[in-house]
Amino acid sequence: MFDDSVKNQIRTILNPLKERVNILYFTQEFECAMCRDTGEFVRNINELSPKLNLTEFDYLKNPDKAEEFGIERIPAIAIADSGGKDTGIRFYGPPAGYEVNSFLSALLETSGAKQEIPVALMNRIKAVNKPVNIKVFISLSCPYCPEAVIAAHRLALENTNIKADMIDVGVFPHLGVKYNVSGVPKIVINETRELVGAHPIENMLEVIEKL
Amino acid sequence: MNINLNISSFVNEPNFNSISPDKIYDTLIIGGGPAGLTAAVYCMRKGMKTALVLKKAGGQVAETASIENYPGYSYIDGNDLTLKFREQVMQFGIDYAENVSAERIIQGNVKKTLLDNGSAVSSKSIIIATGKKWKKLNIPGEERLINRGVAYCSICDGPLFAGKKVAVAGGGNSGVQAAIDLAKIASVVYLIQHRDRLKADEILVNSLKKFSNVEYLLGHEIREIHGEKEVEKITVENLSGNSSFEIPLNGVFVEIGMIPNTGFLNDVLKLNAFNEIPVDHLCRTEAAGVFAAGDVTDVRYKQIIVAAGEGAKAALSAYDYINFEFV
């Protein structure tokens, strides 16, 4: 899937990984068009750093694990920290195309190799005390989308009340219809609030604080 | 399955200092495309006290998939070229701020530039290299229906219009490229252009002609975009027959070129009819100590290599100004 020069580039990007990161991949054998490619993708990435630990779960045969991580559809990837604790970070659909950047960023940040967030902003993130779900709808050919996905995932990483999903509209077109997605990235917070465009952490937080 | 790795976003903390509100810089460079970044390299090598503020490194280059006409590279990805430009600037430990736009320049011997993050920068000279941004149609319905069917990034939003009917406004290179991308996905693509022939390069026009689901409306213009919650139809005018008609469709992709980012200059510089900054052969504007380079200027050819060359000229010109004219 990746040629050697891309593999080397990804190895270099993953070099700063601090703690181990658990990648949980939910798939099934039949009737999942994108599962084969997604599986190949995560397996390829997993081989590029000794700090990554991939476990594959069959969605149908492992309903408990899927339920524990609140997995609603496949293919799905959940990220857990070195102790196996859920980060709330989800990728629905293969994080290929431009989303490889948000995937690598999620791995780095979960491992502890994080960009610093100003204290005042961090205090506001930590203060969120109700359940929040952020859905970021993307297409793999959208160069602006990873920015929104990375921001949503960072919020999830910093506060266990927040869960954040990347959703590829190409893989889940019915969700595109349901959430009226006619431009990406589109951000839907707790099913009711919408932001269109690549919004930073501050803007998502402003919506969350008014929930 | 393709991947589009953006290596520059993973580069470890680059080597720069924050901009000081107390310093008087020799020059402030506004903009981080090829013109601004090249100017920064030249200024730093000349030992000028330099500040660089930019919205996003690379500018349009960062949004370009493949570049095949920059000397030294038969082929390079826009992200990679941006990374190389940026690395070359960062080796100097420049005073730098990203994600920032200029809001106003207050003229004077020492100039003051107000930024949208609330701070101000003082400098003896300024190099404006703010580039261009996508142009809108400015017709009824457009603003209201942005991201509800009106789109400016066909590679981003194209996949959402699979099997649907879409229009592309614009028959230049970007319009025809968008029509090619969309013809692979959409059921029908209306290519609408006010001129009576396509302005795009022949090689692009030929590849578009291979698609049978493209309808050409040359000598036509979109007058209005209709729809309650989403785009439902457009009104199109036939410019030669002076008649208009409606087309029911789901999406409108606007690809009519770009406008210069000169909105913040209103009271400082006179602009030309295209809102570009007129410059002379030394990148000087009409205001003493204010220089400009790249796509934001009236230099006719908008190319990466031209912008980079103009950036170098503006830097050397600012250096001469500081040393021989500034008092």
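Small disclaimer: the values here were computed from a predicted structure and weren't measured.

Some details on the overall build of chain B
Across its full length, chain B holds six helices and 19 strands. Here the C-alpha radius of gyration of chain B, 22 Å, is about what a compact globule of 327 residues would show, namely 20 Å. If one aligns the C-alpha atoms of chain B with their principal axes, the spans along those axes are about 65 × 45 × 35 Å. Burial analysis of chain B (327 residues in total) assigns 52% to the buried set.

A closer look at the overall build of chain A
A tally of helices and strands in chain A yields eight helices and eight strands. Its C-alpha radius of gyration of 16 Å places chain A within 12% of the 17 Å reference for a compact globule of 211 residues. When the 211 residues of chain A are sorted by exposure, 56% land in the buried category. Within chain A, contacts between residues separated by at least 24 positions form 73% of all contacts whose residues are at least 6 apart in sequence. Side chains of chain A give 23 positive and 28 negative charges; the mean places of these two sets differ by 4 Å.

A word on the side chain of Thr50(B)
Residues and elements named next belong to chain B. Mapped onto the elements, Thr50 comes out in strand E2 (residues 50-54). Among the polar contacts listed, one links the side chain of Thr50 to the backbone oxygen of Met48, at a separation of 3.0 Å. Discounting residues that sit within four places of it in the chain, Thr50 has contacts with Tyr25, Thr27, Ile29, Cys43, Met44, Ile94 and Asp95.

Here we look at the pairing of strand E8 (residues 193-196) of chain A
Residue and element names in this part refer to chain A. Two strands pair when backbone bridges link them, and strand E7 (residues 186-189) and E8 are joined in this way by four bridges, in the antiparallel orientation. Looking across to E8, one finds that Lys186 is bridged to Val196. Count of turn residues in the E7/E8 antiparallel hairpin: three residues, of which Asn190 carries a positive phi of about 45 degrees.

What about the interface of chain A and chain B?
Residue-level contacts link 35 residues of chain A with 23 residues of chain B. Summed over both partners, the interface of chain A with chain B buries about 2400 Å², with 64% contributed by carbon and sulfur atoms. On the chain A side of the contact with chain B, Asn101(A), Tyr144(A) and Ser182(A) bury the most area, a combined 23% of that side's loss. Between chain A and chain B we count zero salt bridges in total.

Let's talk about unusual backbone geometry
In terms of backbone geometry, most residues other than glycine have negative phi values and most peptide bonds are trans. All names here are of chain A. Omega for the bond connecting Ile74 with Pro75 falls within 30 degrees of zero, at 0 degrees, which places this linkage in the cis form. In this structure, the amide linkage connecting Val184 to the following residue, Pro185, adopts the cis form with an omega of -5 degrees. Along the chain, Pro185 turns up in the loop between helix H7 (173-178) and E7. Residues other than glycine seldom take positive phi values, yet Asn180 does so here, at roughly 60 degrees. Relative accessible area serves as the criterion here: at 34%, Asn180 is assigned to the partly exposed category. You will see that Glu191, though not glycine, has its phi angle at about 70 degrees, which is positive.

Here we look at the pattern of salt bridges
Residue and element names in this part refer to chain A. Scanning the model with the defined rule gives 25 salt bridges over all chains in all. The salt bridge partner of Glu68 is Lys65, with a shortest N-O separation of 3.5 Å. Note that Glu68 and Lys65 are positioned in helix H3 (residues 63-68) at a spacing of three residues, about one turn of the helix. Its relative accessible area of 24% is what places Lys65 among the partly exposed residues. Glu158 is the salt-bridge partner of Arg154, the closest N and O atoms lying 2.8 Å from each other. Here Glu158 and Arg154 lie together in helix H6 (residues 145-158), a separation of four residues that amounts to about one turn. Residue Glu158 is classed as buried on the basis of its relative accessible area of 8%. Put simply, Glu109, Lys114, Lys126, Arg154 and Glu158 are held in one network by salt bridges that share partners.

Remarks on the sheet that holds E7(A)
Residues and elements named next belong to chain A. Strands sit in the order E2-E1-E3-E4-E6-E5-E7-E8 across an open sheet of eight strands; the sheet is mixed. The sheet terminates laterally at strand E2 (52-58) and E8, the two strands that pair on one side only. The average undirected angle you get between the axes of adjacent strands in this sheet is 20 degrees. The sheet contacts of helix H4 (residues 100-111) involve strand E1 (21-27), E2, strand E3 (76-80) and strand E4 (86-92), and relative to E4 the element is tilted by about 170 degrees.

What to know about the packing of aromatic side chains
All names here are of chain A. Across all of its chains, the model carries twelve aromatic pairs over all chains by this definition. Judged by centre distance (6.4 Å) and plane angle (50 degrees), the ring pair of Phe26 and Phe69 falls under tilted. Separated by 43 residues along the polypeptide, Phe26 in strand E1 and Phe69 in the loop between H3 and E3 bring together distant segments of the chain. Between Phe91 and Phe103 the ring centres are 5.2 Å apart and the planes differ by 75 degrees, which places this aromatic pair in the edge-to-face class. One end of the pair, Phe91, is in strand E4; the other, Phe103, is in helix H4, and twelve residues separate them in sequence. By relative accessible area, which is 0% here, Phe91 ends up buried. Judged by relative accessible area, which is 0%, Phe103 ranks as buried. Each residue in the set Phe2, Phe41, Phe91 and Phe103 is aromatic and connected to the rest through ring pairs, giving one cluster.

What to know about the sheet that holds strand E13 (residues 214-218) of chain B
Residue and element names in this part refer to chain B. Overall, parallel pairing links the five strands, which are arranged E10-E17-E11-E12-E13 in an open sheet. Edge positions in the open sheet fall to strand E10 (150-151) and E13, since each of these has one partner strand only. Summarising the sheet, strand E11 (residues 165-169) and strand E12 (residues 188-193) pair through five bridges and their orientation is parallel. For Val166, the partnering residue across the bridge sits in E12 and is Val189.

Describing the nonpolar core
Ranked by size, the top nonpolar core spans 103 residues in total, and within it Phe26(A), Ile45(A), Phe103(A), Leu104(A), Leu107(A) and Ile134(A) carry the most contacts. Ranked by the residues each element gives to this core, the list is headed by H6(A), at seven residues. With 36 residues, the next largest nonpolar core counts Ala35(B), Met44(B), Ala57(B) and Ile67(B) among its residues.

Re the packing of H4(A) against H6(A)
All names here are of chain A. Two elements in contact, H4 and H6, have axes whose closest approach is 9 Å; the angle formed by their N-to-C orientations is 25 degrees. Accordingly, the angle class assigned to the pair H4 and H6 is roughly parallel. Crossing hand, H4 versus H6: right-handed. In contact with Asn101, Ser102, Ser105, Ala106, Glu109 and Thr110 of H4, H6 contributes Pro146, Val149, Ile150, His153, Arg154 and Leu157. Here the residues of the contact of H4 with H6 sort into five nonpolar, five polar and two charged.

Conventions used here
Residues numbered from 1 in each chain as written. Chains lettered and ligands numbered in written order. Predicted model: local features only at pLDDT ≥ 70, side-chain atom pairs only at ≥ 80, totals over all residues. Heavy atoms only, no water. Helix = DSSP H or I, 4+ residues; strand = E, 2+ residues; numbered from the N terminus. Rg over C-alpha atoms; globule rule 2.2 N^0.38 Å. Buried < 20%, exposed > 50% of the residue type's maximum accessible area, 1.4 Å probe, protein only. Contact = heavy atoms within 4.5 Å. Lys, Arg positive; Asp, Glu negative; His and termini not counted. Charge placed at Lys NZ, Arg CZ, Asp CG, Glu CD. Polar contact = N/O pair within 3.5 Å; in protein donor to acceptor, adjacent residues only side chain to side chain. Pairing = 2+ DSSP bridges. Buried area = accessible area lost by both parts, 1.4 Å probe. Salt bridge = Lys/Arg side-chain N within 4 Å of Asp/Glu carboxyl O. Axes fitted to C-alpha atoms, helices over the stretch in contact; angles between N-to-C directions. Phe/Tyr/Trp six-rings, centres within 6.5 Å; stacked < 30°, edge-to-face > 60°. Core = buried A, V, L, I, M, F, W, Y, C linked by side-chain atoms within 4.5 Å. Parallel < 35°, antiparallel > 145°, perpendicular 65-115°, else oblique. Left-handed = near helix turned anticlockwise from the far one by under 90°. Nonpolar A, V, L, I, M, F, W, Y, C, P; charged D, E, K, R; others polar.

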